[in-house]
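Coordinates in review
Listed below, chain by chain, are the residues.
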Amino acid sequence: MPKTPTWAVPGSALMDLDPSGDVSRPELLFNRELSWLDFNWRVLAQAWDERIPLLERVRFLSISASNLDEFFRKHVGGLKRLIASGDTRRSPDGRMPEERLGLIREAVLRLQADMVYTWDEVLQPALRQADIHVVDYNQLTDDERQEMHEHFLTNIYPILTPLAVDPAHPFPFISNLSLSLAVITRHPTHGTEHFARLKVPLQRGRFLRLSGEGYRFVPIEEVIVHNIGELFRGMEIVSVSAFRVTRNADLDRNESSAEDLLELIAKELRQRRFAAVVRLQVDTRMPGHVRQTLKHELGITDADVYEKRGLLELSDLDALANLGLPDHTYEHWEPVIPKGLVPAVDGDTANLFSIIRKGDVLVHHPYESFQASVARFIDEAAADPKVLAIKQTLYRTSNDSPIIYSLIRAAENGKQVAVLVELKARFDEERNIAWAKMLEQAGIHVTYGLVGLKTHTKTALVVREEPDGIAMYSHIGTGNYNSKTAKLYTDIGLLTCNREIGLDLVNLFHHLTGYAPEQQYRKLLVAPRDLRKTFLKRLEREIEHQQKHGNGHLIAVMNGLDDVVTIQALYEASQAGVQIDLVVRGHSRLRPGLPGVSDNIRLVSLIGRFLEHSRIYHFHNNGEPKTYIGSADWMRRNLEDRVEVITPIEDPALQRRVIRILKLALSDNRMGWDLHADGTYVQRQPGSESVRSFQEMLMKEALRTGRVPKAED
C-alpha cells in the first residue's frame with residue numbers, strides 16, 4: 001500500500017487474456033481465491049480511512065488479519081488437499097491448482113506487507129497522538145521493566161511450559177493459530193545447542209497494560225522474551241524467535257458411509273487439531289537453521305513460510321479496539337423497535353401473532369431490533385398456550401442464545417418442537433454439537449441435516465390453533481438466529497401468516513426431518529431443487545421484456561458471486577441490453593464492464609460499520625416486479641450443495657420498502673467500491689456532492705420511523 005492513502009485496491013484477480021468472445025470462455029471470469037483476497041484488501045483499506053474513528057480502524061486491521069487466517073484454513077487448505085489427491089482440473093477461470101497456490105502466495109505477500117505498514121506507519125502514530133501506546137520492551141522505563149519483571153514472575157512464569165526437543169523429547173505438537181517462541185540455548189560448558197518450544201499464553205490477553213496514566217501496553221511475548229533466562233537457568237540464550245502455525249480446516253468427509261453424523265463431525269473436530277500445516281509465520285529475525293528445523297518437523301516447504309517483522313499476529317489488536325473510548329469509536333447504535341411491533345398492553349393485541357395476522361412484517365437488522373422481532377416471535381410462541389408446534393433451522397447462533405432457551409421452554413410447556421441443527425457449519429461445529437445435545441436432553445426432536453448437503457436456510461415455523469382452524473406463522477430471513485451478530489450484520493427477514501408459505505415450510509421440514517425429498521413448493525424457491533433454474537427463468541424473462549419494451553432490469557444484493565452458470569446467464573442478459581446492478585460485498589468471479597459482454601453490468605461492494613449480509617433479488621418484470629429475499633448467494637455451493645430458501649415479497653408496501661433499500665445502496669457514495677473490468681476496485685468519493693452513506697441513511701431512517709427500546713421492553 002502506498003505511503004499516501006489511495007482508494008484504488010490492486011486488482012489481483014485479473015487473468016491477462018483477451019476478454020472478447022463466447023461468454024463461456026474462462027478469461028471472462030476472475031479467480032475466486034484472488035477475488036477473495038481483493039475483498040480483504042478492501043477491509044484493510046478501512047484502517048486507512050481517517051473518516052472512521054481511530055479504534056474502529058484498528059478493528060478493521062484486526063478483522064483483515066483474522067480473515068486471512070480463515071482464508072488459509074479453508075481455501076489454501078482445500079487447494080492443498082486437491083493437489084494431494086492428484087486432481088488436475090482447472091478452475092473455471094482456467095488455472096491449475098498449483099498455479100492458483102503460486103498466485104495466492106504472491107498476493108498474500110503483498111497483502112501482508114500492507115498490513116504491517118498499516119500498523120507500523122499509519123495506525124501506531126495515530127494511536128500515539130491519542131495517548132495509546134503499544135511499545136517494545138526496550139522502550140520501557142526502568143520502573144516499567146521492573147513492573148513487568150514482577151508481573152512475569154507472578155502471573156506468567158507459573159503458566160509457561162518449555163518443551164525441549166532431543167532424543168528423549170520428540171518435537172511437540174503445535175496447535176492451530178497459537179503463538180509460540182522457538183528458543184535456542186547453549187550449554188556454557190559443553191557448547192552444545194538445544195531447541196525448545198514455548199507456547200505464549202494468551203488466555204488473559206496479548207497486550208499487558210502498564211500502570212500509570214494514559215494507555216501504555218507491551219505485548220506479552222516481549223515480556224517473556226526479555227525474561228526468558230528465568231526459564232533456562234544455567235543455559236545461555238542464543239536466540240528467541242516467534243512463530244505461528246495455521247492448520248488445514250478443509251478435511252475430506254464421507255457422510256454417505258457414516259453411521260452417526262454427530263460422531264463423524266466430532267471425530268473431524270479431533271482430526272482438525274492435528275491437520276496438516278498450511279502456513280508457518282515466522283519472525284524475520286529467526287535464524288535459518290531454526291526455520292529449517294520447523295519446516296522439517298512440520299512437513300512443509302519454503303512456499304508455506306511467511307516472514308513477518310514486528311507483531312507476528314495482528315488479529316489480537318481487537319483488544320485495543322475494545323478499549324471503549326467514546327472519542328475514538330462509533331457512536332453507540334441501539335436497534336429500534338419497528339413502529340408496528342411496539343408492545344401493547346391490552347390483552348391479545350400485545351400478541352405478535354395478532355400483528356402478523358393483519359399483514360406481513362418486514363424487519364431489517366441491525367436497524368430494527370432482532371430481540372423485539374425475531375427473538376420475540378420464538379419467545380411468544382414458546383409461552384402461547386395456543387401454539388401447538390415450533391419448527392426451526394439453526395445454522396449459527398450465539399453462545400448464550402435466547403432462541404435456544406425459548407425452544408427449551410416451549411418443549412417444557414408441552415409443545416411439539418423440532419429443530420434442525422446444522423453440525424457442518426464451518427468453525428461452529430463444536431458449539432452446534434453442544435446445542436444439539438442440550439436440545440435433545442430437553443425433549444426436543446433434533447436432526448442434523450441431510451447427507452451431502454448443508455442446511456443453510458434461515459427459517460422458523462409456528463403452528464397455532466385459532467378459532468378458524470390451524471394457522472401457520474413463518475419467519476424467513478437472510479441471517480442466522482444469532483442475537484450477537486444481529487447487531488453487527490445487516491440482514492432482512494419476513495414474518496408472515498401466508499398459508500401457502502406456511503405449507504411450503506411444512507413440506508420443507510418434512511424433507512429435512514424425514515424421507516420426503518420430492519416436495520412441491522407453491523411460493524418458496526428451494527435449493528438445490530429449483531432455486532437456480534427459477535432465477536435463470538427470471539433472467540430470461542428480463543431479456544424478453546428488454547427485447548419487447550426496452551426495460552429489462554435486475555438489482556441483486558449478495559455476499560459473493562461465483563456460480564459460473566448464473567454469471568454466464570448474466571452476461572447473456574447484458575448482451576441483450578438488460579441493465580444489471582449488483583451489490584456484492586465479497587468475492588466475485590464476474591467481470592463487469594467488458595465491451596460486448598458485460599458492459600450493461602455494474603458491480604459495487606459496500607464495506608462499512610456493519611457487515612453487509614443481506615440477500616435480495618429484484619426483477620423489474622415490465623413494471624410488475626418480482627422481489628425475493630433469503631439465505632442464498634449466487635454461489636455454486638449455495639445453489640448445489642446447500643438447502644436454501646428464498647421467499648417472494650408480495651405485499652406492495654413491503655416490496656416498495658425493499659426497492660427503496662436497493663436504491664439507497666446503489667446511491668451510496670461513501671462506502672461503495674466499484675469493480676472495474678481490469679479487476680480494480682475504486683472507492684466512491686462524494687466530491688462536491690453531499691455524503692450518502694448507505695448505512696448512515698438507514699440508521700437515520702430507522703430513528704424516524706421506529707422507537708428506541710425502553711428498559712421495560
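All of the points below concern the structure found in this document.

Scoring rules and cut-offs
- Each residue is numbered by its place in its chain's sequence as written, counting from 1.
- With pLDDT at 70 or above as the cut-off, local features in this predicted model cover only qualifying residues; side-chain atom pairs require 80 or more to be listed or tallied, and sums for whole chains, interfaces and linings still use all residues.
- Side-chain descriptors were evaluated using all non-hydrogen atoms of the structure, hydrogens and water having been removed beforehand.
- Secondary structure elements are defined from DSSP: runs of H or I of at least 4 residues count as helices, runs of E of at least 2 residues count as strands, and each element is numbered from the N terminus.
- Two things to know: the radius of gyration comes from C-alpha atoms, and the globule rule equals 2.2 Å times the number of residues to the power 0.38.
- Only protein chains enter the area calculation, which uses a 1.4 Å probe; residues under 20% of their type maximum are buried, those over 50% are exposed, and those in between are partly exposed.
- We call two residues contacting when some pair of their heavy atoms lies within 4.5 Å.
- Throughout, the Shrake-Rupley method with a 1.4 Å probe supplies accessible areas, and for residues the shown protein chains are the sole cover considered.
- Nine residue types can take part in a nonpolar core, namely buried Ala, Val, Leu, Ile, Met, Phe, Trp, Tyr and Cys, and a core is a set of them joined through side-chain atoms within 4.5 Å.
- Angular values range over 0 to 180 degrees, each being the angle between N-to-C directions of two axes fitted as lines to C-alpha atoms, with helices fitted over their stretch in contact.
- Working rule for angles: under 35 degrees goes down as roughly parallel, over 145 as roughly antiparallel, 65 to 115 as roughly perpendicular, anything else as oblique.
- When residues are sorted by character, Ala, Val, Leu, Ile, Met, Phe, Trp, Tyr, Cys and Pro go into the nonpolar class, Asp, Glu, Lys and Arg into the charged class, and all the rest, Gly among them, into the polar class.
- Both cavities and pockets are sets of points on a 1 Å grid over the protein atoms alone; in a cavity a 1.4 Å probe fits but cannot get out, in a pocket the set is open with protein on both sides within 12 Å along at least five of seven lines, and lining residues sit with an atom within 4 Å of a point.
- Grid points are joined across faces, edges and corners, and a volume is the space filled by probe spheres set on the points.
- If you view the pair so one helix is near and one far, a crossing is left-handed when the near helix is turned anticlockwise from the far one by less than a right angle, and right-handed when it is turned clockwise.
- What makes a salt bridge here is a side-chain nitrogen of Lys or Arg within 4 Å of a carboxyl oxygen of Asp or Glu, nothing more.
- By definition, two strands form a pair when at least two bridges between them are found by DSSP.
- By definition, the arc is the one covered by directions from the helix axis to the C-beta atoms.

**Overview of the overall build of the chain**
In terms of regular secondary structure, the chain is built from 18 helices and 28 strands. Rg of the C-alpha trace for the chain: 27 Å, near the compact-globule value of 27 Å for 713 residues, within the 12% margin. With respect to the three principal axes, the spread of C-alpha positions in the chain is 90 × 65 × 60 Å. Of all 713 residues assigned to the chain, the portion counted as buried reaches 58%. Partitioning the contacts of the chain with sequence separation of at least 6, the portion at a separation of at least 24 is 74%. Total accessible area on the chain is roughly 29,800 Å²; 50% of this is exposed by carbon and sulfur atoms.

**Thoughts on the nonpolar core**
In terms of nonpolar packing, the biggest core is built from 82 residues, with Leu37, Trp119, Leu570, Leu582 and Trp634 touching the most fellow members. Considering each element in turn, this core owes the most residues, eleven residues, to helix α2 (residues 54-84). Once residues within four sequence positions are removed from consideration, Leu582 is found in contact with Ala556, Met558, Leu561, Leu570, Leu590, Ile601, Arg602, Leu603 and Val604. Ile355, Val363, Ile404 and Ala471 belong to the second-largest nonpolar core, a separate cluster that totals 43 residues.

**Observations regarding the packing of helix α1 (residues 32-45) against helix α3 (residues 97-129)**
Viewed as axis vectors pointing N to C, α1 and α3 meet at an angle of 5 degrees, and their least axial separation amounts to 10 Å. With respect to α3, the axis of α1 lies roughly parallel. Of α3, the residues touching α1 (which contributes Glu33, Leu34, Leu37, Asn40, Trp41 and Leu44) are Arg100, Leu103, Ile104, Ala107, Val108, Arg110, Leu111, Asp114, Met115 and Thr118. Here the contact of α1 with α3 is composed, by residue class, of ten nonpolar, two polar and four charged.

**Considering empty space enclosed by the protein**
Throughout the structure, instances matching the rule amount to six cavities of 30 Å³ or more. Roughly 110 Å³ of internal volume is contained in the largest cavity. Along the walls of the largest cavity sit 17 residues, with His365, Phe370, Gly479, Asn480 and Asp491 positioned nearest its centre. Contributions of two or more residues to the lining of the largest cavity are made by β17 (469-477) and β18 (489-496). Counting residues per element, the lining of the largest cavity draws most heavily on β18, at four residues. Split into classes, the residues belonging to the lining of the largest cavity amount to six nonpolar, ten polar and one charged.

**Points about the layout of surface pockets**
Taken as a whole, the second largest pocket encloses approximately 680 Å³ of empty space. Considering the residues around the second largest pocket, the lining is formed by 28 residues, among which Asp136, Glu222, Arg285, Gly310 and Leu311 are closest to the centre. When residues of the lining of the second largest pocket are traced back to their parent elements, those giving at least two are α3, β2 (132-134), β4 (179-186), α5 (220-225) and β8 (236-247). At four residues, the largest contribution of residues to the lining of the second largest pocket is made by α3. Among the residues forming the lining of the second largest pocket, the class breakdown is eleven nonpolar, eight polar and nine charged.

**Section: the packing of α2 against α3**
Direction vectors running N to C along α2 and α3 enclose 165 degrees, while the axes themselves pass 11 Å from each other. On the basis of the axis angle, α2 is roughly antiparallel to α3. Seen from above, α2 lies across α3 with left-handed handedness.

**A look at the pattern of salt bridges**
Tallying each qualifying case throughout the model produces 48 salt bridges. The partner of Glu27 in a salt bridge is Arg25, with the nearest N and O atoms 2.1 Å apart. Residue classification places Arg25 among the partly exposed positions, given a relative accessible area of 29%. Overlapping salt bridges, with partners in common, bring together Arg532, Asp563, Arg636, Glu640 and Asp641 in one network.

**Description of the sheet that holds strand β5 (residues 193-199)**
Here six strands make up an open sheet; going across it, the order is β3-β5-β4-β8-β9-β10 and the pairing mixed. One side of each edge strand has no neighbouring strand; the edge strands of this open sheet are β3 (163-165) and β10 (305-308). Direction aside, the axes of adjacent strands within the sheet are offset by 30 degrees on average. Note that β4 and β5 share seven bridges and pair antiparallel. Bridge pairing in β5 links Ser180 to Lys199. Packing of α2 onto the sheet brings it into contact with β8, β9 (277-283) and β10, and relative to β9 it is tilted by some 135 degrees.

**Here we look at the side chain of Thr457**
Tracing the backbone shows Thr457 in the loop between β15 (454-455) and β16 (458-466). With residues near it in sequence (within four places) discarded, Thr457 still touches Thr393, Ser631, Val643, Glu644 and Val645.

**A few points about the sheet that holds strand β6 (residues 207-209)**
Across the sheet, three strands lie side by side as β2-β7-β6; this open sheet has mixed pairing. The sheet is open, and its two borders are formed by β2 and β6, each paired with just one other strand. Across the sheet, the axes of successive neighbouring strands diverge by a mean angle of 25 degrees, strand direction being ignored. Inspection of the sheet shows β6 paired to strand β7 (residues 215-219) by three bridges, in the antiparallel sense. Directly across from Phe207, in β7, lies its bridge partner Pro219.

**Here we look at helix α7 (residues 288-298)**
Among the residues of α7, those classed as buried are Val290, Arg291, Leu294, Lys295 and Leu298. Along the axis of α7, the buried residues cluster in a sector spanning 135 degrees; they form a single face. Lining the buried residues of α7 we find β4, β5, β8, β9 and β10. Within two residues after α7, Gly299 carries a phi angle of roughly 70 degrees, on the positive side.

**Quick look at the pairing of β8**
Bridge analysis of β4 against β8 gives eight bridges, and the strand direction is antiparallel. The partner of Val183 across the bridge, within β8, is Val240. Note: β8 against β9, five bridges, orientation antiparallel. Following the sheet pairing, Val245 is matched in β9 by Leu280.

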